[in-house]
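Residue-level listing of the chains:
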Amino acid sequence: MTKPPVKTIGVLGAGAWGTALAAVAAEAGNDVILWSRNENVVADINHAHENKLYLKGANLDPRIIATTETSAVQDCDALLLVVPSQHLGTVLETCKDQISPETPLVLCTKGVEIKSGLLMTEMISRILPHNPIAVLSGPTFAIEVANKLPTAVTLACADEVLGKKLSNTLNNRSFRIYQSLDPIGAEIGGAVKNVIAIACGIVEGKRLGDNARAALITRGLSEIVKLGLAKGGRRETLMGLSGMGDLTLTCTATQSRNYALGKALGQGIAIQDYLKGRITVAEGLSSSKSVTELAQKLSIDMPICHAVCNILHNNANINETIAQLLARPQKAEI
């Protein structure tokens, strides 16, 4: 069996996840260009082959070349978009003239844009209307991926042939990719699970028990499915790696930034104090607001997401919010 030709993969965003995906692409045999605004991060990656700021403890392949110049990604065979969700649109607007309309864009960021209420794929299509789009999502922690621990994800693309090509380009011995034709479903799962994870962290911080967390995960999955179906996603996608799998990981592991944020709130730590000095983003903080507003726009009942939004953005009392959730009228489960 002949090896596929070496490709050049561009990665926009050199946070923990962007750096880990650069490592994935390099391990699969590709040359990688990794873009970052941060000159110190670029210098660390190019000279020490590590990202001390965002992914300490992971040794990076020398074929990963970091840069602060967006023009460096213009001739890439595929472009992975790993900028935080609320900043992705701004970055794409800045460099859209440097991206060929034939270049496949792989969305690796999870969230709903607050200012527009658009899913990331919808926002990307407005800025780069001719580029094919895929979504990469699943239960992943960046440091485990970068250290080549076994991981499985979904790569969803409406174009089956392109999806297979992208999967073959990124798949390696420790990073197993399952293909899907449902990018909307894959995207919804990733966007909402961060909000549910904050709720589960609050339960842990309040010491409300494993029963309560299991209930939140299950009812949270129900909210994900409702929103996913309303946006045109498929139920089976949301029962897979990018839905139930990602939700389970984020809601049960202390590595999760969203779970850790919720736990701190449950322990009585003020959100301003918790966030002070942190360089990483808990995507659920912004997604709680944008997801809740999207649900309201679509007339979808998502009480857990709404409750988290009220706690984070409207200073709602946590104990009273929990009591209100428990006092909701009884209903059929399905």
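The structure this text deals with has already been given above.
Here the structure is a predicted model, which is why all the values come from computation and not from measurement.

Criteria and thresholds
Residues numbered from 1 in each chain as written. Predicted model: local features only at pLDDT ≥ 70, side-chain atom pairs only at ≥ 80, totals over all residues. Heavy atoms only, no water. Phe/Tyr/Trp six-rings, centres within 6.5 Å; stacked < 30°, edge-to-face > 60°. Lys NZ or Arg CZ within 6 Å of the ring centre and 35° of its normal. Buried < 20%, exposed > 50% of the residue type's maximum accessible area, 1.4 Å probe, protein only. Helix = DSSP H or I, 4+ residues; strand = E, 2+ residues; numbered from the N terminus. Pairing = 2+ DSSP bridges. Right-handed = clockwise from strand over helix to strand, strands pointing away. Core = buried A, V, L, I, M, F, W, Y, C linked by side-chain atoms within 4.5 Å. Contact = heavy atoms within 4.5 Å. Polar contact = N/O pair within 3.5 Å; in protein donor to acceptor, adjacent residues only side chain to side chain. Axes fitted to C-alpha atoms, helices over the stretch in contact; angles between N-to-C directions. Parallel < 35°, antiparallel > 145°, perpendicular 65-115°, else oblique. Left-handed = near helix turned anticlockwise from the far one by under 90°. 1 Å grid on protein atoms, 1.4 Å probe; cavity = no way out; pocket = protein on both sides within 12 Å on 5 of 7 lines; lining within 4 Å. Points joined across faces, edges and corners; volume = space filled by probe spheres on them. Arc of directions from axis to C-beta. Salt bridge = Lys/Arg side-chain N within 4 Å of Asp/Glu carboxyl O.

Draft legend 1. A look at the packing of aromatic side chains. If you walk through the whole model with that rule in mind, you get zero aromatic pairs. The residue whose ring lies beneath Arg278 is Tyr274, and the NZ or CZ to ring-centre distance is 3.9 Å.

Draft legend 2. Just the pairing of strand S7 (residues 151–157), in detail. Most of S7 is tucked away: six of the seven residues are buried. In the sheet, strand S6 (residues 133–137) pairs with S7 via four bridges, with the strands oriented antiparallel. Pairing of Val135 across the sheet is with Ala156, part of S7. Running through helix H6 (residues 160–170), the crossover from S7 to the neighbouring parallel element strand S8 (residues 175–180) is right-handed.

Draft legend 3. Broad picture of the nonpolar core. Formed by 41 residues in total, the largest nonpolar core has its most connected members in Ile188, Val192, Ile196, Leu227, Leu265 and Met302. When contributions to this core are tallied by element, the ones reaching two or more residues are helix H7 (183–205), helix H8 (210–230), helix H11 (257–266), helix H12 (271–275), helix H13 (283–297) and helix H14 (303–313). When residues in this core are grouped by element, the largest group, 12 residues, is from H7. Once you skip the residues sitting within four places of it in the chain, Met302 turns out to touch Val192, Glu223, Leu227, Val291 and Ala295. With 40 residues, the next largest nonpolar core counts Val11, Leu21, Ala25 and Ala66 among its residues.

Draft legend 4. Representation of the side chain of Asn30 in the model. Tracing the sequence through the fold places Asn30 in the loop between helix H1 (16–27) and strand S2 (31–35). Engagement of the side chain of Asn30 in a polar contact is seen with the backbone oxygen of Ala25, the distance being 2.9 Å. Of note is the side chain of Asn30, whose polar atom sits 2.8 Å from the backbone oxygen of Thr169.

Draft legend 5. Structural view of the sheet that holds strand S3 (residues 64–67). Here eight strands make up an open sheet; going across it, the order is S3-S2-S1-S4-S5-S6-S7-S8 and the pairing mixed. The open sheet has two free edges, formed respectively by S3 and S8, since each of these has just one partner strand. Strand-to-strand twist in this sheet, taken as the mean axis angle between neighbours without regard to direction, amounts to 25°. Of the pairings in the sheet, the one linking strand S1 (residues 8–12) to S2 comprises five bridges and is parallel in character.

Draft legend 6. View of the packing of H7 against H8. Packing of H7 against H8 leaves a shortest axis separation of 9 Å and a crossing angle of 155°. Of the possible angle classes, the one that applies to H7 and H8 is roughly antiparallel. In the packing of H7 onto H8, the handedness of the crossing is right-handed. Packed against H7, whose contacting residues are Ile188, Gly189, Val192, Lys193, Ile196, Ala199, Cys200, Val203 and Glu204, the element H8 presents Ala212, Arg213, Leu216, Ile217, Gly220, Glu223, Ile224, Leu227 and Gly228 at the interface.

Draft legend 7. The arrangement of empty space enclosed by the protein in detail. Taken as a whole and judged by the stated rule, the model has one cavity of 30 Å³ or more. Its boundaries defined by the atoms lining it, the largest cavity holds a volume of some 30 Å³. Surrounding the largest cavity, Leu107, Cys108, Thr109, Lys110, Val135, Leu136, Ser137, Ala186 and Glu187 form its lining. Elements represented by at least two residues in the lining of the largest cavity include exactly S6 and H7. Broken down by element, the lining of the largest cavity gets its largest block of residues, three residues, from S6.

Draft legend 8. Spatial organisation of helix H4 (residues 120–127). Taken as a whole, H4 has its buried residues at Met120, Thr121, Met123, Ile124 and Ile127. Within H4, the buried residues cover an arc of 160° as seen down the axis, which keeps them to one side. Contacts from the buried residues of H4 go to strand S4 (78–81), helix H3 (85–95), strand S5 (105–107), S6 and H7.

Draft legend 9. View of the side chain of Ser290. Its location among the elements puts Ser290 in helix H13. Those residues in contact with Ser290 that sit more than four places away from it in its chain are Val112, Glu113 and Ile114.

Draft legend 10. A look at the pairing of S8. As defined by bridge partners, S7 adjoins S8 across six bridges and the pair is classed as parallel. When the sheet's bridge partners are listed, Val153 is paired in S8 with Ile177.

Draft legend 11. How the structure looks around the pattern of salt bridges. This structure, assessed with the given rule, holds 12 salt bridges. Here Asp31 and Arg63 are joined by a salt bridge, their closest N and O atoms 3.9 Å apart. Of this pair, Asp31 sits in strand S2 while Arg63 sits in the loop between helix H2 (39–48) and S3, placing them 32 residues apart in sequence. When the shortest N-O distance is used, the salt bridge between Lys110 and Asp246 registers 2.8 Å. One end of the pair, Lys110, is in the loop between S5 and H4; the other, Asp246, is in helix H10 (residues 241–250), with 136 residues separating them in the sequence. Side by side, Lys110 and Asp246 carry an identical accessibility label, which is buried. Salt bridges linked by common partners bring Glu27, Lys148 and Arg173 together as one network.

Draft legend 12. Structural detail: the layout of surface pockets. Looking at the largest pocket, its volume works out to about 1,200 Å³. Among the elements of the structure, H1, H3, helix H5 (142–146), H7, H10, H11 and H13 are those that each provide at least two residues to the lining of the largest pocket. Forming the walls of the second largest pocket are 26 residues, and the residues nearest its centre are Leu216, Arg219, Ile304, Leu325 and Leu326. Of all elements in the fold, only H7, H8, H14 and helix H15 (318–326) reach the threshold of two or more residues within the lining of the second largest pocket. Ranked by residues supplied to the lining of the second largest pocket, first place goes to H8 with seven residues.

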